[in-house]
Structure formats: C-alpha cells, structure tokens
Amino acid sequence: MKDQKIQVALLGLGTVGAGVYKVLESQKKEMLPKLGTEVELKKILVRNLQKAAAKVNDPSVLTDDWQEIITDGEIDIVIEVMGGMEPARTYILEALNAGKNVITANKDLIAVDGKSLMDAAKSAGKDFFFEASVAGGIPIIRPLKQSLEANHISEIVGIVNGTTNFILTKMTEENMEFADALKLAQDLGYAEADPTADVEGLDAARKLAILASIAFHSRVSFEDVYAEGISRITSRDIQYADEMGCRIKLLAVARNTEDGIEVNVHPMLINRRHPLASVNDSFNAVFVKGDAVGETMFYGRGAGELPTASAIVGDLFDTVKNIRYQCTGHVNCTCYKTLPIKKAGDKVSRYYIRLQVEDRLGVLAAVASVLGNNNVSIEQCIQKHKAGDLAEIVVITETVLERNFNDSLQILKTMSMIKEVSAVTRVY
Ligand code: NAP
Ligand code: HSE
C-alpha cells in the first residue's frame, strides 16, 4: 500500500477548475480520514498567470508551462478541465503515457475520441475517469458501469442539457417565445454567447454518445447521434401539447433494439405523468430501464462549478484509493460488443404535426388519406383555430416508420389545400 502524500495537477482554472479548487479546499481536513493519505494540489496549469492569481490562496502553484507538470515524477493524477479538443487530447495522452492517472470533464473529446483515450489508459494500467462529462454533478457513469452492471439496459432517456431545459420551462410556464427565453438564459449565465451547441442539441448528443456506449457495451460516437434542437419550437406548440396532457422536452433517447442501436436527440412531447416531464429549469435527469432493476431515474444539477466539481473530486478520491491499493486501471472501457447503429429511415416514432389548411370540406379527409396511404395511422386529430380562410389542424400519429412518415410529409407539403406545415415534433 502506498502511504505517501498523493500529488495532483489541475489543467484549467475556469468555471469547473475553480470549483475543483474550492471543493478540495473544503475537503482538506477530511482527506486523511477518508482516504488514508494526504492529497496535495501541486500545480495548476493556466494561460494567464496574473488573471488566475486572484483565484488561489498561493499563486506559486500556478504555471503556464505544461512541461513543468508532465516531467514532474511526483504528480500521480492530472485533472483536465480546460475543455476543447486540443491541446486537451495531447496532454491527456502524454499524461497517461508518463504513468499518470487522468480525470476529465471533457465530453467533446470523449464523445469523439473516447476509444483511443481508454486504450491508452488500459495500456498504461492507469485510471481514466470522466463522471463529470455527462450530467455534471449527477452520478450516472459509475452507476451504469458498476451498480447497474447486472442488467441488460434497453433504454436511456435523458434531459441532459440544462440550458435548453431552462428555455423550455420558461416557454411552458411563462408563455415566453424561444428568442426571449434564450435571451433570459444568456442574461442569467446559463447559455453561452454562442448558444449553438446547447440549442441545436449537439451538447446533448455528445453526452448521449457517452451514455449509450457504456449502457450498451458498444461504441457510439457523436457522429452516430441524430441531433435536432429546440429553436423551431413555439409557445403555440407548447400550448397544444399542454392541452393533450404533455410537456415538450429536449430528450436524448438511446434504445438497444434487436436491429441495432437508436440514438436520437430531439424535442419531444412527453406525457405530463412521466417523471421526466416534471424535471424543470436547468435541472437534468437520466431515466434508465434495465431488465433486472426496472425503471430508475437519476436527478440533479447537470452543470455549474460546484456540482461538476463534486463529480470530479469523487473521481479523484476513487483514483487516490486505487493508487494506495495499487489497483489503478481496473475500470476499463466496457465496449466489448460491436452493435450496428440504426439508420434514420428504419427508426420508428410517434409524431405531432401542425398544419395550416384551407378551411373547406374534404381537407381533413385528404390529409387523413395521404397519411393512411403511407401506413401512417392517426391517434388523435384536432381542428382548433381559424385565421381568415385558414384552419389549423393538429395530428398525432401512432408509432410509425420514420421513412413512411417522411414520405407522407413530402406529399402533404405539395398539396395546394395545405398552406403550411407549421410544426413536426416527435412524441415519446
Ligand atoms: P471555462 O470556464 O472556459 O474554463 C476553461 C479554462 O481552461 C479557462 O480558464 C481557460 O483559460 C483554460 N484553458 C484553456 N486552454 C488552456 C491551455 N491550453 N492551457 C491552460 N489553460 C487553458 O470552461 P468550463 O466551463 O470550466 O469547462 C471545462 C470543461 O468542463 C469542459 O470540457 C466542459 O465541457 C466541461 N464541463 C463543464 C461544465 C460546466 O458546468 N461548466 C459541466 C460539465 C462539464 P482562459 O481563461 O485563459 O481562457
Ligand atoms: N452547457 C451545458 C448545459 C452544461 O447547458 O447543460 C455543460 O455540460
């Protein structure tokens, strides 16, 4: 057993890095009784020493030179919270190759390049942990890899992006339109100045790729995930959803089916009685279905300096124990299968469509006939609103093949009696 003090380097001192620093400070007195050894944050890599000095008690821990960390044989653990692809990828690989354990929150990197990083950790016999990369402070990666390992997981459904959940909550509860809710999210610091990754579903797609790979034991990459964002959702659709007993949420859905893995991120109507429907504001939740455990849900803060730091420091403490008991590297990549990823047209879904049509006899029958001729059965249909000579029709379909639905949609768009297809959203 290794009893000497364990030394750590932190790469990046932004939102999450500062959170890790604070949590380590608050845990200082607990470490020896919890872990049986002292843990020292020996170096922090920053770009601007002057800017960073105000964030730490002792500025002598700061460096802007990666070589000072990678060549320091006493540093056992590197925590990467700089974000982005490079130089994060190179530093992680160099650290593993130099015999250091690595902890990261970098979903962008893992969702694209997770395999090569995990292979490098395996060859080095070192820990490579990334609990904070999905749903911030919510424990989900370790539960999937360990606590739920006895299950065949059939489905994961998550609200894994806090910014879009905040926007949709404001649109639902305060009748805000998308642009106003986004502006509010930016003013409150939830959404970034360039909100594309959150709003277009890309951030959620990266997280879903990581979750699906672990849950189904088969590598799923960011490029495999179909991603659609929330920018086309209107408060009108949210109101219709409400009348039908539903909420609209940006859901990240991964299914392990007999014909392959389905991985989709898109806005969906979900029944208000489903536990995910009441996950509001910037909260995240991940709903997991396993054959032995049944349904479970993990809920909490998906981002923010302290929640994210909670997950990172949890990984750190695990690694410290593994170093002490000389068993680092025992939690490896869990992708021991190669399952196909289902193509878009082969997937099935229920759909909500909202159409502006001529207000005259026979239009509803014509719409129903196009859908029926393409094997798209209707579950609900309502005609609600009239503006001038137009009527508004809302249709909810049964579960149908995506290919059949798209074929019928193309025909509806060419019909002169249909003035506009105003909304198409899937139904969970
Ligand atoms: P951030 O606030 O932008 O912080 C990143 C920090 O890293 C910045 O201070 C930046 O320095 C520094 N940095 C970047 N490149 C560097 C380099 N080459 N050398 C030294 N320092 C460098 O980002 P964050 O929100 O903390 O996110 C960090 C990571 O955590 C990302 O991978 C993110 O996806 C992940 N994450 C974040 C959250 C969250 O709530 N924020 C939640 C889960 C996961 P400058 O200040 O000079 O730019
Ligand atoms: N931008 C993310 C969100 C947080 O809004 O949930 C970082 O993963």
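Because the structure is predicted, anything quoted here is derived from the model rather than measured. (Residues numbered from 1 in each chain as written. Chains lettered and ligands numbered in written order. Predicted model: local features only at pLDDT ≥ 70, side-chain atom pairs only at ≥ 80, totals over all residues. Heavy atoms only, no water.)

### A few points about empty space enclosed by the protein
Rolled over the atoms, a probe as big as a water molecule pinpoints where empty space is left.
Here's step 1: What the rule picks out here adds up to four cavities of 30 Å³ or more.
Here's step 2: Together, 15 residues line the largest cavity, and F128, F129, F130, K145 and V331 are the ones closest to its centre.
Here's step 3: Those elements giving two or more residues to the lining of the largest cavity turn out to be α6 (107-124), β6 (128-129) and α7 (141-147).
Here's step 4: Split by domain, the residues of the lining of the largest cavity number at least three in each of domain 1 (6-136 + 305-324) and domain 2 (142-301).
Here's step 5: Here the second largest cavity defines a volume of roughly 80 Å³.
Here's step 6: In this structure, the second largest cavity is lined by 13 residues; those nearest its centre are M118, I210, S213, I214 and R219.
Here's step 7: Every element with two or more residues in the lining of the second largest cavity is listed here: α6 and α11 (202-216).
Here's step 8: Composition of the lining of the second largest cavity by domain shows at least three residues from each of domain 1 (6-136 + 305-324) and domain 2 (142-301). (1 Å grid on protein atoms, 1.4 Å probe; cavity = no way out; pocket = protein on both sides within 12 Å on 5 of 7 lines; lining within 4 Å. Points joined across faces, edges and corners; volume = space filled by probe spheres on them. Helix = DSSP H or I, 4+ residues; strand = E, 2+ residues; numbered from the N terminus. Domains from an automatic or database assignment.)

### With respect to the sheet that holds strand β4 (residues 75-80)
Pairing between the strands of a sheet is mediated by backbone hydrogen bonds and can be parallel or antiparallel.
Here's step 1: Strand order in the open sheet made by the six strands is β3-β2-β1-β4-β5-β6, with parallel pairing throughout. Looking at which strands have only one partner, the edges of the open sheet turn out to be β3 (62-63) and β6.
Here's step 2: Two elements, strand β2 (residues 39-45) and β3, share two bridges in a ladder whose sense is parallel. Paired with I44 across the two strands is L62, which belongs to β3.
Here's step 3: Of the strands in this sheet, β1 (6-11), β2, β4, β5 (101-104) and β6 touch helix α5 (residues 88-97), which is tilted by about 150° from β5.
Here's step 4: Across the sheet, helix α13 (residues 305-324) touches β1, β2, β4, β5 and β6, and the angle it forms with β4 is around 160°. (Pairing = 2+ DSSP bridges. Contact = heavy atoms within 4.5 Å. Axes fitted to C-alpha atoms, helices over the stretch in contact; angles between N-to-C directions.)

### Here's the deal with the domain arrangement of the protein chain
Interface size is commonly expressed as the accessible area that is lost once the parts come together.
Here's step 1: Looking at the protein chain, the domain boundaries give domain 1 (6-136 + 305-324), domain 2 (142-301) and domain 3 (345-427).
Here's step 2: One C-alpha centre belongs to domain 2, the other to domain 3; they are set 25 Å apart.
Here's step 3: Domain 2 puts 16 residues into the contact, and the matching count from domain 3 is 15 residues.
Here's step 4: Between domain 2 and domain 3 lies a buried interface of about 1500 Å² when both sides are counted; carbon and sulfur atoms form 54% of it.
Here's step 5: Among the residues domain 2 hides against domain 3, the three largest losses belong to Y240, M244 and L269. Together they make up 40% of the total.
Here's step 6: Connecting domain 2 to domain 3 are three salt bridges. (Buried area = accessible area lost by both parts, 1.4 Å probe. Salt bridge = Lys/Arg side-chain N within 4 Å of Asp/Glu carboxyl O.)

### Description of the pattern of salt bridges
Here's step 1: Within the structure shown, the criterion is met by 31 salt bridges.
Here's step 2: As a salt-bridge pair, K42 and E74 come within 2.8 Å of each other at their nearest N and O atoms. Of the two residues, K42 is situated in strand β2 and E74 in the loop between α4 (66-70) and β4; the sequence distance between them amounts to 32 residues.
Here's step 3: One salt bridge in this structure joins R272 and D242, with 2.9 Å as the shortest N-O distance. With R272 in the loop between β10 (260-271) and β11 (283-290) and D242 in helix α12 (residues 235-243), this residue pair connects regions lying 30 residues apart in the sequence.
Here's step 4: Using a relative accessible area of 36% as the deciding quantity, one classes D242 as partly exposed.
Here's step 5: One salt-bridge network, held together by shared partners, links E155, R255, D259, E262, K289 and K342. (Buried < 20%, exposed > 50% of the residue type's maximum accessible area, 1.4 Å probe, protein only.)

### Focus on the environment of Q239
Here's step 1: Inspection of the secondary structure assignment puts Q239 in helix α12.
Here's step 2: Q239 sits 70 residues away from T169 along the chain, and the two C-alpha atoms are 12 Å apart.

### So, the site of ligand 1
Here's step 1: Lining the immediate surroundings of ligand 1 are 20 residues, of which V16, R47, K51, K107 and G304 lie closest.
Here's step 2: Between ligand 1 and G14 there is a distance of 3.4 Å, counted from an oxygen atom to a backbone nitrogen or oxygen.
Here's step 3: Taking 890 Å² as the accessible area of ligand 1 by itself, protein coverage stands at 74%.
Here's step 4: Across the shell around ligand 1, the residue classes break down as ten nonpolar, seven polar and three charged. (Near = heavy atom within 4 Å. Polar contact = N/O pair within 3.5 Å; in protein donor to acceptor, adjacent residues only side chain to side chain. Areas by Shrake-Rupley, 256 points an atom, 1.4 Å probe, with all protein chains shown as cover. Nonpolar A, V, L, I, M, F, W, Y, C, P; charged D, E, K, R; others polar.)

### As for the packing of aromatic side chains
Here's step 1: Scanning all chains against the criterion turns up five aromatic pairs.
Here's step 2: Consider the rings of W66 and Y91, whose centres lie 4.3 Å apart with planes at 10°: the pair is stacked. Here W66, found in helix α4, pairs with Y91, found in helix α5; they are 25 residues apart in sequence, far enough to count as distant. A single burial state applies to W66 and to Y91, both of which are buried.
Here's step 3: Taking 5.1 Å as the distance between ring centres and 10° as the angle between the ring planes, the aromatic pair formed by F283 and Y299 counts as stacked. Highlighted residues: F283 in strand β11 and Y299 in strand β12 (residues 294-301), separated in sequence by 16 residues.
Here's step 4: Under the relative-accessibility criterion, F283 is labelled partly exposed at 21%.
Here's step 5: By relative accessible area, which is 46% here, Y299 ends up partly exposed.
Here's step 6: Directly above the ring of F283 sits R301, whose terminal nitrogen or CZ lies 4.0 Å from the centroid. (Phe/Tyr/Trp six-rings, centres within 6.5 Å; stacked < 30°, edge-to-face > 60°. Lys NZ or Arg CZ within 6 Å of the ring centre and 35° of its normal.)

### As for the site of ligand 2
Here's step 1: Taken together, K107, N161, G162, T163, D198, D203, K207 and A303 make up the full set of residues near ligand 2.
Here's step 2: Between an oxygen atom of ligand 2 and a side-chain N or O atom of T163, the distance comes to 2.5 Å.
Here's step 3: In the environment of ligand 2, an oxygen atom lies 2.9 Å from a nitrogen or oxygen atom belonging to the side chain of K207.
Here's step 4: Within the complex, 80% of the 260 Å² of free accessible area of ligand 2 lies under protein.
Here's step 5: For the shell around ligand 2, the secondary-structure elements that each account for two or more residues are α8 (162-173) and α11.
Here's step 6: A breakdown of the residues in the shell around ligand 2 according to their chemical character gives one nonpolar, three polar and four charged.

### As for the layout of surface pockets
Here's step 1: The calculated volume of the second largest pocket comes to roughly 350 Å³.
Here's step 2: What lines the second largest pocket is a set of 20 residues, and nearest its centre among them are E228, R232, A423, V424 and T425.
Here's step 3: Going through the elements one at a time, α15 (402-414) and β17 (418-427) are the ones with two or more residues in the lining of the second largest pocket.
Here's step 4: A per-element tally of the lining of the second largest pocket places β17 first, with six residues.
Here's step 5: Both domains that meet at the lining of the second largest pocket, namely domain 2 (142-301) and domain 3 (345-427), each give it at least three residues.

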